[in-house]
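Remarks on the overall topology
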Amino acid sequence: MRLHTLLLLSVCVWFAGFARAQENSQSREFQLKTAYLFHFAELAQWPSAAPVTICLQGRSLLRAYLPVLEGQQINGNAVHVNLADAPDITQCSILFLSDLAGLTPVLAEQARQHHVLLVGDVENFANHGGMVQFTLRDNRLKLVVNLAAVKSADLKLSSKLLRMAEIIE
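1. Overview of the overall build of the protein chain
- Of regular secondary structure, the protein chain possesses five helices and eleven strands.
- Sorting the 169 residues of the protein chain into buried and exposed places 38% on the buried side.
- Sequence-distant contacts in the protein chain: of pairs separated by 6 or more residues, those separated by 24 or more amount to 55%.
- Taken as a whole, the protein chain presents about 10,000 Å² of accessible surface, with 54% of it coming from carbon and sulfur.

2. Considering the pattern of salt bridges
- Here the structure, examined in full by the defined rule, presents four salt bridges.
- With a shortest N-O distance of 2.8 Å, Asp-121 and Lys-33 are connected by a salt bridge. In this pair, Asp-121 is assigned in the loop between strand E7 (117-120) and strand E8 (132-137) and Lys-33 in helix H1 (residues 2-43), connecting sequence segments 88 residues apart.
- Asp-121 gets classed as partly exposed once you look at its relative accessible area, which sits at 21%.
- Across the salt bridge formed by Arg-137 and Glu-166, the nearest N and O atoms sit 2.7 Å from each other. Of the two residues, Arg-137 is situated in strand E8 and Glu-166 in strand E11 (residues 165-168); the sequence distance between them amounts to 29 residues.
- Of the residues examined, Arg-137 reaches a relative accessible area of 35% and is grouped as partly exposed.
- Judged by relative accessible area, which is 34%, Glu-166 ranks as partly exposed.

3. Focus on the sheet that holds E8
- Reading across from one edge, E5-E2-E6-E7-E8-E9-E11 is the order of the seven strands in this open sheet, with mixed pairing throughout. Unpaired on one side and paired on the other, strand E5 (80-82) and E11 mark the two borders of the sheet. Direction aside, the axes of adjacent strands within the sheet are offset by 25° on average.
- The pairing of strand E6 (residues 94-97) with E7 spans four bridges and is parallel. Pairing of Leu-95 across the sheet is with Leu-118, part of E7.
- Set on the sheet, helix H3 (residues 105-114) makes contact with strand E2 (53-57), E6 and E7; between it and E7 the angle comes to about 135°.

4. Focus: the confidence of the model for the protein chain
- Averaged over all residues, the pLDDT of the protein chain is 88; the fraction at 70 or higher stands at 86%.
- Counted against residues more than four places away or in other chains, residues 5-9, with its pLDDT under 50, gives zero contacts.
- The model gives residues 11-16 a pLDDT under 50, and that stretch makes zero contacts with residues more than four places away or in other chains.

5. Notes on the environment of Thr-104
- If you trace the backbone, Thr-104 turns up in the loop between E6 and H3.
- Remark: the alpha-carbon pair of Thr-104 and His-128, spanning 24 residues in sequence, is separated by 9.1 Å.
- Here the side chain of Thr-104 touches Leu-107 through a polar contact of 3.0 Å, landing on its backbone nitrogen.

Calculation rules
Residues numbered from 1 in each chain as written. Predicted model: local features only at pLDDT ≥ 70, side-chain atom pairs only at ≥ 80, totals over all residues. Heavy atoms only, no water. Helix = DSSP H or I, 4+ residues; strand = E, 2+ residues; numbered from the N terminus. Buried < 20%, exposed > 50% of the residue type's maximum accessible area, 1.4 Å probe, protein only. Contact = heavy atoms within 4.5 Å. Areas by Shrake-Rupley, 256 points an atom, 1.4 Å probe, with all protein chains shown as cover. Salt bridge = Lys/Arg side-chain N within 4 Å of Asp/Glu carboxyl O. Pairing = 2+ DSSP bridges. Axes fitted to C-alpha atoms, helices over the stretch in contact; angles between N-to-C directions. pLDDT = per-residue confidence, 0-100. Polar contact = N/O pair within 3.5 Å; in protein donor to acceptor, adjacent residues only side chain to side chain.

See below:
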């Protein structure tokens, strides 16, 4: 009986540690994505200079991390964060989409017309017209850039950013 209790307690401790490690890993992943979004704002060029607004559409854990960017400075301009449920794309410089269903042809066209960098973290986001996709490979956060989509929105990404990414056209 005592052995069973000890074994059960060990399993509970292991599961609690595993759950905490998963939570810490996920937290780190979204902190990195937040930092990358800020660097995208620094390393992208829009046709006209303006303060950068980072918008989020859909349910994502990024919602908890993005507010840290509010008021950060890039070239003397404050970064703004828009967490509205359905942000007005014309007010966004960067739009993070949390699911592929949000990446409609209409939205992609609006992004192209209003020079909005579309970023997502779902599989095949870049292949379906998204511009920058976060992907986890070998437990590391990687970038996939759809350069044709970026260029069609009249956006330019720095060579620093492109060197870190897998490019698809």
